[in-house]
Every structure is written in C-alpha cells, then in structure tokens.
Amino acid sequence: MTGAPCVISVAITGSVPRKRDNPALPVTVAEQIESTHAAYEAGAALVHVHVRNDDETPSSDPERFAAFQEGIRRHCPDIIVQFSTGGRGRALEQRGSMLHLRPDMASLATGSVNFPTIVYENPPDFIRSLASSMRDLGIKPEIEVFDLAMLYNTADLVAEGLIAAPPHVQFVFGVKHALPARRDILDFEVAKLKELLPGATWTAAGIGRHQFEVARWALEMGGHIRTGLEDNIRLDRNTLAPSNAALVTHVAALAAAAGRPIATAVEARKLLGLSERRTT
Ligand code: ZN
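Figured I'd write up the structure that's included with this text.

Cut-offs used in this document
Residues numbered from 1 in each chain as written. Predicted model: local features only at pLDDT ≥ 70, side-chain atom pairs only at ≥ 80, totals over all residues. Heavy atoms only, no water. Helix = DSSP H or I, 4+ residues; strand = E, 2+ residues; numbered from the N terminus. Buried < 20%, exposed > 50% of the residue type's maximum accessible area, 1.4 Å probe, protein only. Contact = heavy atoms within 4.5 Å. Expected span 1.5 Å × (residues − 1). 1 Å grid on protein atoms, 1.4 Å probe; cavity = no way out; pocket = protein on both sides within 12 Å on 5 of 7 lines; lining within 4 Å. Points joined across faces, edges and corners; volume = space filled by probe spheres on them. Nonpolar A, V, L, I, M, F, W, Y, C, P; charged D, E, K, R; others polar.

Considerations on the environment of Ala 178
- Position of Ala 178 relative to the elements: it lies in the loop between strand 10 (168–173) and helix 5 (183–196).
- By relative accessible area, Ala 178 is classed as buried at 18%.
- Separated by 54 residues in sequence, Ala 178 and Pro 124 have C-alpha atoms that sit 19 Å apart.
- Setting aside residues no more than four positions away along its own chain, Ala 178 makes contact with Val 113, Asn 114 and Phe 146.

Shown next as structure tokens:
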C-alpha cells in the first residue's frame, strides 16, 4: 500500500545556529543557493529562508532575499520559496519588508510565545497586517503554530477572510518554553485542524533532537515534514549533519520506510494549492 505523497521542507539557515555550531550552515546568499540546490536534488520541495548579515546576525535586507530568490529560481525553478517573517533581532516593521518580492509562501505566526531566551512577539495588529499584505500580494502563508491558541486564531482569521481557505499549517514542537514534542499533542492539534479548517494541509516540525521522531509521527498521520540546519544540526547525538541535503536524505528514508512517496516540487505546488512557479 502506498501512502499520499509527502512534501519535504528544508529550513536551510534560520536565525540561531552559527557556523561554529556546524560549519555546514549556509550563511552567505551564495552558500544558501548551493545548499538549497543540493537539498532539492535530495528531495526537498520547499525551502524556508532567513537571510543573514556577513557577521551571521539575522538580516532584514530585502536585497539579500531578492538575490536568493533570483538565484534559486535559476537553479531549481520549481522549488517553493518561503520567506520567514520571524527571526530574532528583527524589529516588527522589518519582518515583512521583503514581501513585495512575492515569494510563493511566507511564514506567519498567529500569536506570541516564549522562546528559549526571548519573547517571540506577534501582537494582534501585526499578525493582521502581515496576513493582509500576504493576501494582497498573492503569497500563501504557512501558519506557524507554536501553541494551541494560534490554531484557533488562524480559524478566526480565515473566517474573516484575512487568510484564504484552506490554509497550510505547521505544528512546531520542542522549542523550550513552547509545546513539548509529544505525540498526543500532535494528535489533538490535527483533530482540531480537521474540525476547524477542513481541507487544510499540515506539516509537523520537531526542533533539535526531536526532529526525526516528530517526522515519523507526521509521516504515519498523513502530514508533511520539515528538516534542515535551522532546526537541527545533527544526524544523531554524535554526528553533525554534513549538509542540509544529508538531513533531507535522512528524512526521505524515513518517508520511504513509512510507505510515503516524496512529492516533487511540482506535485507539492498542487498539494499546497499554489500556482505554478512564478514568472515575475
Ligand atoms: Zn525559520
């Protein structure tokens, strides 16, 4: 028996890991393009992107996002490009400053939550303004659910027409001070998602050592999966991941073991209700 195709997202860089944690972390735009290309060839259909300054601090520079998008569309034209509107060290007003570049998708957290050392701040008006910019620019949000209220807030925003139905939701586990990686929590979230937002698609992302365990649950339950050095820099307790592609290869094997074929980027666009690749 073959299961439904699974979309693999790769979060290549993020805002926290440093090269001193894992030298394979892509930091410059050129490194990011190369790393994404290899991850795409290993099976990733969606790339989640934060950009960095030369000193590795998080950047909001739209030119860096533009250079990444232009480069990646040359190398892997079908891959789904998703920009992060999160990230530490970025002022609220900067976090959507690259949306005019019209990536296929952008992340959208529908509530505030404590992270290990900071508050990840998403005030109600800010969420609404990001959601309406995305709607007006034809960008599909990926709703980031770090806590249960965020799912209910999403349902309200969909009912109001600020987010188009059916949405794509990512359930995040294992961030200290947010939800722990527990299968019963994912079961509950998915049940509520089906009830509140019929037709919604979902991904589960586990941070750090929880990554592969959470991926196995999502594969069993018919969800999509995420990997990448943003979330997890190791292949196992003692081995640093040599690349984003190596992490993608690892979760692709988990998908195969679960009887789930890997969605190509073209298939992933259909599954997530995205248009064919952008030409502008
Ligand atoms: Zn991110």
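A word on helix 3 (residues 124–137)
- Taking 1.5 Å of rise per residue, the 14 residues of helix 3 would be expected to cover 20 Å, and the 20 Å separating its terminal C-alpha atoms lies within 8% of that figure.
- Buried within helix 3 are the following residues: Phe 126, Ile 127, Leu 130, Ala 131, Ser 132 and Met 134.
- Considering only its buried residues, helix 3 is in contact with strand 6 (105–109), strand 9 (140–145) and helix 4 (148–160).

Side note on the layout of surface pockets
- The calculated volume of the largest pocket comes to roughly 880 Å³.
- As for the largest pocket, its lining consists of 39 residues, of which Ile 207, Gly 208, Glu 230, Asp 231 and Asn 232 are closest to the centre.
- Looking at the lining of the largest pocket, the elements with two or more residues in it are strand 10, helix 6 (211–221) and strand 13 (234–236).
- Per-element tally for the lining of the largest pocket: the top contributor is strand 13, with 3 residues.
- Taken together, the residues of the lining of the largest pocket break down into 14 nonpolar, 14 polar and 11 charged.
- Its boundaries defined by the atoms lining it, the second largest pocket holds a volume of some 260 Å³.
- Residue lining of the second largest pocket: 20 residues in total, with Gly 138, Ile 139, Lys 140, Pro 141 and Ala 164 positioned closest to the centre.
- Counting residues per element, the ones that place at least two in the lining of the second largest pocket are helix 3 and strand 9.
- If you tally residues by element for the lining of the second largest pocket, the top one is helix 3, at 3 residues.

Geometric descriptors of this kind do not, in isolation, establish any biological role.
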